[in-house]
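Coordinates in review
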Amino acid sequence: MIQFDAHLYFEKEVRDKMKLTVDGNYAYSRITSMQNMEEVLDNFRYHKAFFAVDDSEDGYTFQTGGGYMDRRSVVIYVLKQYRLNDMDSQIAALAECKQIYKNVLKKLFKDKSKLQEGMIYLVTDRIPYTEIPGIFANDCTGLFFHIPINIPTDLSYKSEEWLTDK
């Protein structure tokens, strides 16, 4: 079975190697939804910027060609605190988050063929982002975006996986 460790890839190959996230001290965080933001909220006292990844999104299985694929989306959040009641600071923080989004896309496009060699298929024809509206937790702004990932799955019937009537 083919596996893709989204946290390993986005932390070690993307966040840890991007000058903007390293120089900006973006803390890597694992989360399970925008409503929970577990590691982000737990670390607001210690960090001012976050590169958070949610790989717990729903997925589905579909047929393509002669086989089947599992598609799931990884959601990436790029968040940065700004000075309270300072619109210029908010605009600058959001602009930095947008640049990180663009840099992530550049890295994904660069790595796409390498990942395909391991049968990990990034769906990159449309990658919209959504800005975090208004004032988000502790004067924070940012955006999030989804990266759909297709991975082949074996759905062949195996009798040894089933109990049989006697």
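Just above sits the structure.
Anyway, here's the lowdown on the structure attached to this text. Keep in mind that this is a model prediction, so the values were computed, not measured.

1. Points about the nonpolar core
The biggest cluster of nonpolar side chains holds 29 residues, and the ones touching the most others in it are Phe10, Phe51, Ile76, Val104, Phe145 and Ile147. For this core, the secondary-structure elements that each account for two or more residues are helix H1 (6–14), strand S1 (26–30), strand S2 (49–54), strand S4 (67–81), helix H4 (87–117) and strand S7 (140–153). It is H4 that contributes the most residues to this core, seven residues altogether. Beyond its immediate chain neighbours, meaning those up to four positions away, Phe10 contacts Arg15, Tyr28, Phe51, Val53, Val74, Ile76, Val104, Leu108 and Ile147. If you look at the next biggest cluster of nonpolar residues, it comprises 12 residues, including Ile31, Met37, Ala52 and Phe144.

2. Brief notes about the environment of Arg71
Topologically, Arg71 is positioned in strand S4. On the basis of relative accessibility, which here comes to 22%, the residue Arg71 falls in the partly exposed class. Remark: the alpha-carbon pair of Arg71 and Val123, spanning 52 residues in sequence, is separated by 9.4 Å. Setting aside residues up to four positions removed in sequence, Arg71 forms contacts with Gly59, Tyr60, Phe62, Val123, Pro148, Ile149 and Asn150. In this structure the side chain of Arg71 is engaged in a polar contact, spanning 2.7 Å, whose partner is the side chain of Asn150.

3. Digging into the pairing of S2
A large share of S2 lies buried, amounting to six of its six residues. With burial as the criterion, each face of S2 is covered, one bearing Ala49, Phe51 and Val53 and the other bearing Phe50, Ala52 and Asp54. When S1 meets S2, the two strands line up parallel, connected through five bridges. Paired with Ser29 across the strands is Ala52, a residue of S2. In the sheet, S2 pairs with S4 via six bridges, with the strands oriented antiparallel. What sits directly across from Phe50, in S4, is Leu79.

4. Quick look at the side chain of His7
By the secondary structure assignment, His7 is in helix H1. Separated by 3.3 Å, the side chains of His7 and Asp55 make a polar contact. Beyond its immediate sequence surroundings of up to four residues, His7 is in contact with Lys12, Tyr28, Arg30, Val53 and Asp55.

Criteria and thresholds
Every chain begins its residue count from 1, and numbering advances along the sequence as written. Reporting of local features is limited, given that this is a predicted model, to residues whose pLDDT is at least 70; pairs of side-chain atoms are given and counted only at 80 or more, and all residues count toward the totals for whole chains, interfaces and linings. Only heavy atoms go into the side-chain values, all of them from the structure, while hydrogens and water stay out. By nonpolar core we mean a set of buried residues, namely Ala, Val, Leu, Ile, Met, Phe, Trp, Tyr and Cys, connected to one another through side-chain atoms within 4.5 Å. Relative accessibility thresholds used throughout: buried, under 20% of the residue-type maximum; exposed, over 50%; partly exposed, between the two (1.4 Å probe, protein chains only). Helix and strand definitions here come from DSSP, where helices need a minimum of 4 consecutive H or I residues and strands a minimum of 2 consecutive E residues; each element is numbered from the N-terminal end. Throughout, a contact is declared for two residues whenever any of their heavy atoms are within 4.5 Å. Nitrogen and oxygen atoms within 3.5 Å of one another constitute a polar contact, given that in protein one can donate a hydrogen and the other can accept it, and given that sequence-neighbouring residues count only through two side-chain atoms. Here, any two strands with at least 2 DSSP bridges between them count as paired.

Structural measurements only, silent on function.
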